[in-house]
Every structure is written in C-alpha cells, then in structure tokens.
Amino acid sequence: AKARQKEKKGGLVRCGDLRKLRGRPAILFTCPTKQERAAAHELGALLRDYLKKLKPTAAKAEAPAAASTSAALKAEAAAEAEAGARVTVYDVGNVGLGYAALESGVDVVELASAIVRDAKDDASSAAAAAKLVVRLMPMQHVGFAGLGPCLEGAGAARPP
C-alpha cells in the first residue's frame, strides 16, 4: 500500500515502461508546462464525472427492485465506487503531456466529444471550468512497437 501511495502523487501514476499501457482505450491530453499534476487531477475528476453521466452502470440499468432501501443504497454505492475506479492518469515522462487510461468498453471518442461539446455549449459546465487541460486526443486502441521493428519497417518502406 505504501508503494502505491508513493507512486500516485498528485493523481499521477509514474509509468516507466510504456508497454504497460498498450491495449486499453485512453485519452492523451496536453496542459501548460509544469502543471501536469494539477491537470491530471482536474482531468481525472472530469472524466469520472462524465463516465457517470454517459455510461450508467449495469447495476443501475439491470437491477431488479431491491428488497430494502438499505440494499438499494449499498448497490448504488458499489456501482459508484466501480465507476470512479475506471480512470488512471499516467505521467509518461513528457513535459506538458499526460495520459489517462480507461477500462475497456469505454468509447473514448464519445467521451472526449461530450466534454468538448459541453465546454463549447455550456459556460457553467464542469468541462468549461477546466482551465489546465488544453487538448484532448482520444485513442481507441494503444499499441507499442520497439525501436528495432520501427527501424526495420522504415528501412523496408524507403525507396532504394
């Protein structure tokens, strides 16, 4: 637990090996220089808020009528906790750049579009209030190739 706390300072998780990030939908974001931690915290909160709005949890949508109010409240709290755990913001080692990975099954294009649309249309929305996140770039699938295969592919593509 202590190692996890050290790793997660200011909402950012340090990512030494970028290969760990492949295969998951993500949002790449830019922010002012030396504001990465604050922007990561801001984006994490914004993404969690929009995930709750855009993708109601299966527990809420498919749950039969609960036997008691306490059981319904427990189910709702568990669903909200699950929804809050979907976003992990990584420090990829570049100044002014961050990476927010989401769980599989989230449509990051729809998510980023909704945030940008709300920021444009509603000046009182949480998206419009976000001051540190400059650009959002949704990535539906993240891959990784080592330097060797990249150079081989570039060499084969070059004309003789």
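Residues numbered from 1 in each chain as written. Predicted model: local features only at pLDDT ≥ 70, side-chain atom pairs only at ≥ 80, totals over all residues. Heavy atoms only, no water.

Undergrad: I tried to follow the confidence of the model for the chain on my own but got confused; where do I start?
TA: Low pLDDT marks stretches whose predicted atomic positions should not be read closely. Put simply, the chain has an average pLDDT of 76, and 76% of its residues get 70 or more. Under a pLDDT of 50 for its full length, residues 57-63 has, in the predicted model, seven contacts with residues more than four places off or in other chains. (pLDDT = per-residue confidence, 0-100. Contact = heavy atoms within 4.5 Å.)

Undergrad: Please clarify how the nonpolar core should be interpreted in this entry.
TA: Soluble, globular proteins show a tendency: their nonpolar side chains are buried together. Ile27, Phe29, Leu47, Leu102, Leu111 and Ile115 are the most contacted members of the largest nonpolar core, which has 26 residues in total. Of all the secondary-structure elements, those providing two or more residues to this core are strand E3 (26-30), helix H2 (36-54) and helix H5 (108-121). With seven residues, H2 is the largest single contributor of residues to this core. Setting aside anything within four residues of it in sequence, one finds Leu47 in contact with Ile27, Val87, Ala100, Leu111 and Ile115. The next biggest cluster of nonpolar side chains, apart from the first, holds 10 residues, and it includes Val13, Ala26, Val92 and Tyr99. (Core = buried A, V, L, I, M, F, W, Y, C linked by side-chain atoms within 4.5 Å. Buried < 20%, exposed > 50% of the residue type's maximum accessible area, 1.4 Å probe, protein only. Helix = DSSP H or I, 4+ residues; strand = E, 2+ residues; numbered from the N terminus.)

Undergrad: What exactly am I supposed to notice about the side chain of Ser125 here?
TA: As for its position among the elements, Ser125 is in the loop between H5 and helix H6 (126-129). One polar contact links the side chain of Ser125 to the main-chain carbonyl oxygen of Asp122, over a distance of 2.9 Å. In this view, Ser125 contacts Tyr50, Asp118 and Ala119; residues no more than four positions away in its chain are not counted. (Polar contact = N/O pair within 3.5 Å; in protein donor to acceptor, adjacent residues only side chain to side chain.)

Undergrad: Got a minute to help me understand H5 in this structure?
TA: Helical periodicity: at 3.6 residues per turn, an α-helix aligns residues three or four positions apart in one direction. Compared with an ideal rise of 1.5 Å per residue, which puts 14 residues at 20 Å, H5 spans 20 Å between its outermost C-alpha atoms and is within 8% of the ideal. Those residues of H5 lying buried are Val108, Leu111, Ala112, Ala114 and Ile115. For H5, the arc enclosing every buried residue in end-on projection is 155°, short of the 170-degree limit, so these residues lie on one face. Those residues of H5 that are exposed and angled more than 90 degrees off the buried face are Lys120 and Asp121. In this structure, the buried residues of H5 make contact with E3, H2, H6 and strand E6 (135-139). (Expected span 1.5 Å × (residues − 1). Arc of directions from axis to C-beta.)

Undergrad: Teacher, can you tell me more about the environment of Leu46 here?
TA: Here Leu46 shows up in helix H2. The exposure class assigned to Leu46 is buried, which follows from its relative accessible area of 6%. Considering only alpha carbons, one finds Leu46 and Ala126, 80 residues apart in sequence, at a separation of 7.0 Å. Setting aside residues up to four positions removed in sequence, Leu46 forms contacts with Ile115, Ala126, Ala127 and Ala130.

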